[in-house]
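# Chain and residue survey
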Amino acid sequence: MTSQGPTEQKRDELLQLREKSLQGGGTRRIEAQHSRGKLTARERLDLLLDPGSFEELDPFVIHRSTNFGLDKQQYLGDAVVTGYGKVNGRLTFVYSQDFTVFGGSLSEVVANKICKVMDMAMENGAPIVGLIDSGGARIQEGIDSLAGYGDIFNRNVLASGVIPQISVMLGPAAGGATYSPALTDFIFMVKGVGQMYITGPDVIKSVTGEEVSHEQLGGAEAHTAKSGVAHFLDDNENNCILRVRELLSFLPQNNMENPLPIVSTDDPERDDESLNTIIPDNSNHPYNMLDVIEAVVDSKNFMQVHQNFAGNVLVGFSRMNGNTVGIVAQQPNQFAGVLDIDASVKAARFVRFCDAFNIPIITFIDVPGFLPGTSQEHGGIIRHGAKLIFAYAEATVPKISVLTRKAYGGAYIVMSSKSLRGDVNYSWPTGQVAVMGAEGAVNIIHRSILKDSEDAEEKRKELVNEYENSLMNPYIAASRGYIDDVIEPSKTRRKIIRALQMLENKRETLPPKKHGSIPL
Ligand code: HXC
């Protein structure tokens, strides 16, 4: 047997410690994590980052609390794994909460570790991804833990609009712990695994008497379809994390850079004849705007954001000739593409994200107006609709729009109009720019004629026809310059790509100010 010198002994001890730090809260708890159908913090990082690229930071950090015998339970690295690596070859900072250590709860040192990688992400201009699986504030630590959350929230706000921030909900997030994800740009949730709520089912039952399960209250379906808190829903962790990688591929590293272009195999001059006949003859009949988007963008690739929320408007990322674009579009298939409260807020938030990160915005318009009704009025459609006007007017990135059919009333102005500094505004021949639809307009401006007419129905048809022929075509708006050109639908792709190329060096600034006061 060869005897070891002091240097080898020290090295062996350190290697053993390193090995121990990889085991989180121990085999029993790792097995429990797996038996819940969940991956461990490190397995998740293996999926997220390019193979072999992870560099861990602070693996030897331990908590300092002595409360409730906590000094006898210490785990190297405590309840989070932090560091940096590559996603699609690009630098990305990460933290992955380890539920096997004190339920992933946030101690003072866990907060310090997270803040350290957030600071590094800011200093080095790279995205940060948080994999969240935590019982919230470390109960035994009290104020130190709460203050740690405060430090994270503060960094989330300072980083907003500077680097992309993504949260992936892979376990519980209760109480104030939900607010760090809520302050980030995109939230991913896995069905049956991620849960977010301010107060849990037990508190709700004791305060209001209402009985609700964890999943019903704060599961992935509740937050991606009802509250709109989360943007992406997946059935399992693998798919979810792959989609995080996909999303990052569309985004720039920070607000001073443009998204990385890719080589497109789709011909930029490609025509799509199906678009010439996609609009139904009857203007009240729906069609699927997804077909339009997929026909226009590179290789039909459209990554929808908020797919299950406010489906009357579609938002998401695509590429045109290899360059990232943000798409905003009405969906005539759902509530005729009307703008309501949720749709306004959904689109406004997306427009602001694109503007912050140098992503041109393409808007496909077919909007009959804002949704009428007391629930909308009393819910604040005026205030929420104003957010969308604000977002479009404030955006200085290239803004290109295509009017496919209706652009009625205030909704015409909202959707990237020339007045809100839309750069290039195209219409298809089927475009209709008007204060309102023909039926409604005729009822108002010809009320007395219709009242006195013996054959009111015949007369109404005649007047509706007259209104449609004289007002409801795009050539009037085009003759005033509000529409830059009326284009053949099949040529939409090349028109947009050429406009994007023309706008490549667009320079536009806003008046000097601290920040605007968006009507929140
Ligand atoms: C310390 C915690 C903990 C916490 C869980 N654990 N939450 N330790 N602080 N907040 C520990 C448990 O003691 C247990 O330790 C291990 O983590 C796993 O927890 P279980 O309860 O066995 O797991 P499970 O049944 O899956 O339940 C998970 C849970 C539940 C739903 C998260 O643990 C829970 O309700 N925790 C408390 C949640 C909470 O109310 N947090 C405070 C929210 S307020 P062992 O040793 O057995 O493995 C908040 C304020 C933020 O966060 C303020 C910001 C402004």
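### A closer look at the overall build of the chain
Broken down by element type, the chain carries 20 helices and 17 strands. The buried share of the chain, taken over its 520 residues, is 51%. Residue pairs at least 24 apart in sequence account for 73% of intrachain contacts in the chain once pairs closer than 6 positions are excluded. Summed over its atoms, the accessible surface of the chain is roughly 24100 Å², and 53% of this surface lies on carbon and sulfur atoms. Side chains of the chain give 51 positive and 63 negative charges; the mean places of these two sets differ by 3 Å.

### Regarding the layout of surface pockets
Approximately 1500 Å³ is the volume attributed to the largest pocket. If you list the elements that add at least two residues to the lining of the largest pocket, you get α5 (143–159), α6 (179–183), β7 (186–190), α12 (341–356) and α14 (381–394). Per-element accounting of the lining of the largest pocket gives the leading share, 9 residues, to α12. Across the lining of the largest pocket, the residue classes tally to 21 nonpolar, 14 polar and 9 charged. Space inside the second largest pocket adds up to approximately 570 Å³. Going through the elements one at a time, β12 (323–330) and α20 (492–502) are the ones with two or more residues in the lining of the second largest pocket.

### Thoughts on a nonpolar patch on the surface
On the surface, L14, L17 and F60 cluster together into a nonpolar patch covering about 250 Å² of accessible area. Relative accessible area serves as the criterion here: at 38%, F60 is assigned to the partly exposed category.

### Some points on empty space enclosed by the protein
For the structure on display, the rule yields 5 cavities of 30 Å³ or more. Its volume calculated, the largest cavity comes out at about 80 Å³. Taken together, Y95, Q97, L106, I114, I132, S134, Y149, I152, A173, A177, S180 and P181 form the lining of the largest cavity. Counting residues per element, the ones that place at least two in the lining of the largest cavity are β3 (90–97), α5 and α6.

### Some points on the sheet that holds strand β2 (residues 80–87)
One open sheet accounts for 7 strands, arranged β1-β2-β3-β4-β5-β7-β9; its pairing is mixed. Strand pairing shows two members of the sheet lacking a second neighbour, β1 (55–57) and β9 (232–234), which therefore form its edges. The sheet shows a mean angle of 20 degrees between the axes of neighbouring strands, direction not considered. Alignment of β3 against strand β4 (residues 128–132), held across 4 bridges, turns out to be parallel.

### What to know about the site of the ligand
In the vicinity of the ligand, 19 residues are found, and the nearest of them are R29, G103, G135, A137 and I139. Between R29 and the ligand, the recorded distance is 2.7 Å, taken from a side-chain N or O atom to an oxygen atom. In this structure, a nitrogen atom belonging to the ligand sits 2.9 Å away from a main-chain N or O atom of A137. Protein burial of the ligand: of its 1000 Å² of free accessible surface, 56% is covered by the chains. Sorting the residues of the shell around the ligand by element identifies α5 and β6 (172–174) as the ones contributing at least two each. Per element, the largest residue contribution to the shell around the ligand is 3 residues, and it comes from α5. Partitioned by chemical class, the residues of the shell around the ligand number 10 nonpolar, 6 polar and 3 charged.

### Quick look at the side chain of Q97
Its location among the elements puts Q97 in strand β3. Given the relative accessible area of 3%, Q97 is considered buried. Engagement of the side chain of Q97 in a polar contact is seen with the backbone nitrogen of D133, the distance being 3.0 Å. Once residues lying within four places of it in the same chain are set aside, the contact partners of Q97 are A41, R44, A79, V80, G104, L106, I114, L131, I132, D133 and S134.

### Focus on the nonpolar core
A general trend in soluble globular proteins is that nonpolar side chains are found buried together. In terms of nonpolar packing, the biggest core is built from 60 residues, with F317 and V328 touching the most fellow members. Core analysis: the second largest hydrophobic core is formed by 32 residues, V101, I128, M169 and A173 among them.

### Here's the deal with the pairing of strand β14 (residues 399–408)
Along β14, 10 of the 10 residues are buried, which leaves the element largely enclosed by surrounding structure. Here strand β13 (residues 361–367) pairs with β14 via 6 bridges, running parallel. Opposite V367, over in β14, you have A407 as the bridge partner. As paired strands, β14 and strand β15 (residues 424–427) are joined by 4 bridges and run parallel to one another. Counterpart to I400 in the pairing with β15 is V424.

### A look at the packing of aromatic side chains
By the definition in use, this model includes 11 aromatic pairs. Ring centres of F186 and F232 lie 6.2 Å apart, and the angle between their planes is 55 degrees; on these two criteria the pair is classed as tilted. A residue pair is termed long-range when its members are at least 10 positions apart, and F186 in strand β7 and F232 in strand β9 qualify at 46 residues. For the residue pair F186 and F232, the accessibility class agrees, reading buried in each case. Ring centres 4.3 Å apart and planes at 15 degrees place the aromatic pair F188 and F232 in the stacked group. Here the residue F188 occupies a position in strand β7, and F232 occupies one in strand β9, the gap between them amounting to 44 residues. Judged by its relative accessible area of 1%, F232 falls in the buried class. One aromatic cluster is present, formed by F186, F188, F232, F250, F317, F350, F353 and F357 through successive ring pairs. When the ring centre of F99 is taken as reference, the NZ or CZ atom of K38 above it lies at 4.3 Å.

Conventions used here
- Residues numbered from 1 in each chain as written.
- Predicted model: local features only at pLDDT ≥ 70, side-chain atom pairs only at ≥ 80, totals over all residues.
- Heavy atoms only, no water.
- Helix = DSSP H or I, 4+ residues; strand = E, 2+ residues; numbered from the N terminus.
- Buried < 20%, exposed > 50% of the residue type's maximum accessible area, 1.4 Å probe, protein only.
- Contact = heavy atoms within 4.5 Å.
- Areas by Shrake-Rupley, 256 points an atom, 1.4 Å probe, with all protein chains shown as cover.
- Lys, Arg positive; Asp, Glu negative; His and termini not counted.
- Charge placed at Lys NZ, Arg CZ, Asp CG, Glu CD.
- 1 Å grid on protein atoms, 1.4 Å probe; cavity = no way out; pocket = protein on both sides within 12 Å on 5 of 7 lines; lining within 4 Å.
- Points joined across faces, edges and corners; volume = space filled by probe spheres on them.
- Nonpolar A, V, L, I, M, F, W, Y, C, P; charged D, E, K, R; others polar.
- Patch = residues over 30% accessible without salt bridge, like charges linked within 9 Å, V, L, I, M, F, W, Y side chains within 5 Å.
- Salt bridge = Lys/Arg side-chain N within 4 Å of Asp/Glu carboxyl O.
- Pairing = 2+ DSSP bridges.
- Axes fitted to C-alpha atoms, helices over the stretch in contact; angles between N-to-C directions.
- Near = heavy atom within 4 Å.
- Polar contact = N/O pair within 3.5 Å; in protein donor to acceptor, adjacent residues only side chain to side chain.
- Core = buried A, V, L, I, M, F, W, Y, C linked by side-chain atoms within 4.5 Å.
- Phe/Tyr/Trp six-rings, centres within 6.5 Å; stacked < 30°, edge-to-face > 60°.
- Lys NZ or Arg CZ within 6 Å of the ring centre and 35° of its normal.

Read these as geometric descriptors, not functional statements.
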